[in-house]
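# Structural overview for review
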Amino acid sequence: MPNLTLDEFLTLRISQRCQHFIHNNRLLALVYAQQLDRPLLESLFSLANAIRKLSQSRDTRLFLRTLLSDRRAMLYFTQPSTRTFLSFSTACQILGMSTADVRDPATSSQIKGETRQDALRVFSIYHDLVIMRQSEADFCENIAFQMLSWPGHKPIINAGSGADQHPTQALLDLYTLHRCFAQTGGVDHKKIMLVGDLKRGRTARSLAYLLTNYPGVELIFAAPDELAMADDIKAHLRENSTPFTQTQDISTHLSDVDAIYMTRIQDEWDQGTTKTSIDYNRFGLQAQHLKTLKPSCCILHPLPRRKEIPAAIDSDPRAVYFDQVENGMWIRAALIAHMFAVDEQILCSPDK
Ligand code: NCD
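These numbers were taken from a predicted model, which means no experiment stands behind them.

## Some details on the overall build of the chain
A tally of helices and strands in the chain yields 12 helices and 12 strands. Oriented by its inertia axes, the alpha-carbon framework of the chain measures out at about 55 × 55 × 40 Å. In the chain, buried positions account for 54% of the 352 residues. Counting contacts in the chain only where the partners sit at least 6 residues apart, residues at least 24 apart contribute 77% of the total. A total of about 15,600 Å² of accessible surface is found on the chain, and carbon and sulfur atoms cover 49% of it.

## Considerations on the packing of aromatic side chains
Within this structure, the stated rule accounts for eight aromatic pairs. With 5.7 Å between their ring centres and 70 degrees between their planes, Phe9 and Phe21 make a pair best called edge-to-face. Of the two residues, Phe9 is situated in helix H1 (residues 6-11) and Phe21 in the loop between helix H2 (14-19) and strand E1 (22-23); the sequence distance between them amounts to 12 residues. You can call Phe9 buried: its relative accessible area is 0%. Centroid distance Phe9 to Phe145: 4.4 Å. Interplanar angle 20 degrees. Geometry classified as stacked. Note that Phe9 is positioned in helix H1 and Phe145 in helix H7 (residues 139-147), a separation of 136 residues in sequence.

## Here we look at the site of the ligand
Lining the immediate surroundings of the ligand are Thr84, Arg133, His166, Gln169, Arg202, Thr203, Arg264, Gln266, Pro302, Leu303 and Pro304. With respect to the ligand, the backbone of Leu303 contributes an N or O atom lying 3.0 Å from a nitrogen atom. In isolation the ligand exposes 310 Å². Once the protein is present, 93% of that is buried. Among the residues forming the shell around the ligand, the class breakdown is three nonpolar, five polar and three charged.

## Here's the deal with the nonpolar core
Counting residues in each nonpolar core, the largest one holds 73 residues, and the members touching the most others are Leu177, Leu219, Ile336 and Ile346. Non-local contacts of Ile336, meaning those with residues more than four positions away in its chain, are made with Leu68, Phe88, Ala91, Cys92, Leu95, Met97, Leu129 and Ile157. Grouped together as the second largest cluster of nonpolar side chains are 24 residues, Val102, Phe123, Phe145 and Met147 included.

## Considering helix H6 (residues 116-126)
Taken as a whole, H6 has its buried residues at Ala119, Leu120, Phe123 and Ser124. One face of H6 carries all of its buried residues, which in axial projection span an arc of 135 degrees. Counted as exposed and oriented over 90 degrees from the buried face of H6: Ile125 and Tyr126. Check the buried side of H6 and you find it contacts strand E4 (72-77), strand E5 (98-102), strand E6 (129-134) and H7.

## A look at the pairing of E4
Within E4, five of the six residues are buried, which leaves it mostly tucked inside the rest of the structure. Here five bridges tie E4 to E5, and the two strands are oriented parallel to one another. Paired with Arg72 across the bridge in E5 is Ser98. The handedness of the E4 to E5 crossover, carried by helix H5 (residues 83-94), is right-handed. Both E4 and E6 contribute to a ladder of five bridges, which runs parallel.

## Overview of the packing of H6 against H7
Two numbers describe how H6 lies on H7: the axes approach to 11 Å, and their chain directions differ by 50 degrees. It follows that H6 is oblique to H7 by the angle criterion. Considering the relative orientation of H6 and H7, their crossing is right-handed. Contact residues: H6 offers Arg116, Gln117, Leu120 and Ser124, while H7 offers Phe139, Ile143, Gln146 and Met147. Residues belonging to the contact of H6 with H7 are distributed by class as follows: four nonpolar, three polar and one charged.

## Points about the sheet that holds strand E7 (residues 156-161)
If you trace the five strands from one edge of the open sheet to the other, you get E3-E7-E6-E4-E5, paired in parallel fashion. Looking at the sheet topology across the chains shown, the edges are occupied by strand E3 (29-30) and E5. Judged from the four bridges that link them, E6 and E7 form a sheet pairing that is parallel. In the strand pairing of E7, Val130 is matched with Ile156. Sitting on the sheet, H6 is in contact with E4, E5 and E6, with an inclination near 160 degrees to E4.

## Remarks on the sheet that holds strand E9 (residues 218-222)
Across the sheet, which stays open at both edges, the five strands sit in the order E10-E9-E8-E11-E12 with parallel pairing between neighbours. Because the sheet does not close on itself, it has two edges, and the strands there are strand E10 (244-247) and strand E12 (298-300). Within the sheet, the average angular offset between the axes of one strand and its neighbour, ignoring direction, is 20 degrees. Helix H10 (residues 231-239) rests against E9 and E10 of the sheet, and its axis sits at about 145 degrees to E10.

## Observations regarding a nonpolar patch on the surface
A grouping of Val122, Ile125 and Tyr126 is seen on the molecular surface, where their side chains present a nonpolar patch of about 320 Å² in accessible area. Along the chain, the position of Ile125 falls in helix H6. Given the relative accessible area of 60%, Ile125 is considered exposed.

About the cut-offs
Residues numbered from 1 in each chain as written. Predicted model: local features only at pLDDT ≥ 70, side-chain atom pairs only at ≥ 80, totals over all residues. Heavy atoms only, no water. Helix = DSSP H or I, 4+ residues; strand = E, 2+ residues; numbered from the N terminus. Buried < 20%, exposed > 50% of the residue type's maximum accessible area, 1.4 Å probe, protein only. Contact = heavy atoms within 4.5 Å. Areas by Shrake-Rupley, 256 points an atom, 1.4 Å probe, with all protein chains shown as cover. Phe/Tyr/Trp six-rings, centres within 6.5 Å; stacked < 30°, edge-to-face > 60°. Near = heavy atom within 4 Å. Polar contact = N/O pair within 3.5 Å; in protein donor to acceptor, adjacent residues only side chain to side chain. Nonpolar A, V, L, I, M, F, W, Y, C, P; charged D, E, K, R; others polar. Core = buried A, V, L, I, M, F, W, Y, C linked by side-chain atoms within 4.5 Å. Arc of directions from axis to C-beta. Pairing = 2+ DSSP bridges. Right-handed = clockwise from strand over helix to strand, strands pointing away. Axes fitted to C-alpha atoms, helices over the stretch in contact; angles between N-to-C directions. Parallel < 35°, antiparallel > 145°, perpendicular 65-115°, else oblique. Left-handed = near helix turned anticlockwise from the far one by under 90°. Patch = residues over 30% accessible without salt bridge, like charges linked within 9 Å, V, L, I, M, F, W, Y side chains within 5 Å. Salt bridge = Lys/Arg side-chain N within 4 Å of Asp/Glu carboxyl O.

Here it is in structure tokens:
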């Protein structure tokens, strides 16, 4: 149990806060993308590859389902979600974990005035793992810290904290980049353009953190001025010697980037007050852009998309956004296997 109050914990630098969520090289909670360092990323990628392979035949699928068949996970998702919710519940099923969920707080005792802290304490009594998505940026870290002092020290995974972070989406994005660049020297030294609402896009923010683990990576941030990448991320990139440039014109970079990470405008945060005259079309890919891209360039998107990637691009072999969807399931299963220390059993399986 940490010998700190929550207020004291929140005054610590993120690197010190991360230390509270790790024990014997295993994550007790995944709250921030900054917790994922290069060795852990590489080991999760190997584990995800092994789980993917073991899922190809019935006998080995059944073996995987024995690994956590005595464990239960709670999915507490009070913000809309399709992929993240389904891929976490599928990842749990792959490892044999049973799941329960609350998605609409109006169906829980929150409607009677129960605090979310109490609700989470209850979830942690019934379940061995809590996976949560909430609209407040800091709620997940507050709860993750408090959970360390609750009986059983149940692990927690951040599946999206407001407009701030989405570490497991960044993990699956990076796993996808790692696979795309498997034959071309890996992610190191690649030039990657992030496009769209970088200010409020939690996936782009978390991915920028993860990419600082890769020497030589150069980032290009393409966003309208109003939605530019925030200063906290830029400061982190400078501290970690990851060079970046900012632009409003994606077309000048299309021919020399190794990957493009598209995002949608996150206008759910506008609350109808900040109607702007931003021309979002300038931050979209068009089918005619495809001839300019390198043959090896890959096009990513966390989804859901709007018009920033027209369906005409989907059949291009460089479009990997539906691969991301699948990769998310394997890497989330790997993350859960790591947290519950069944990774060695997977890696030692002769069939992997
Ligand atoms: C993202 C999210 O929820 O932040 N989606 C996802 O998890 N795949 C991106 C978005 O909603 O635009």
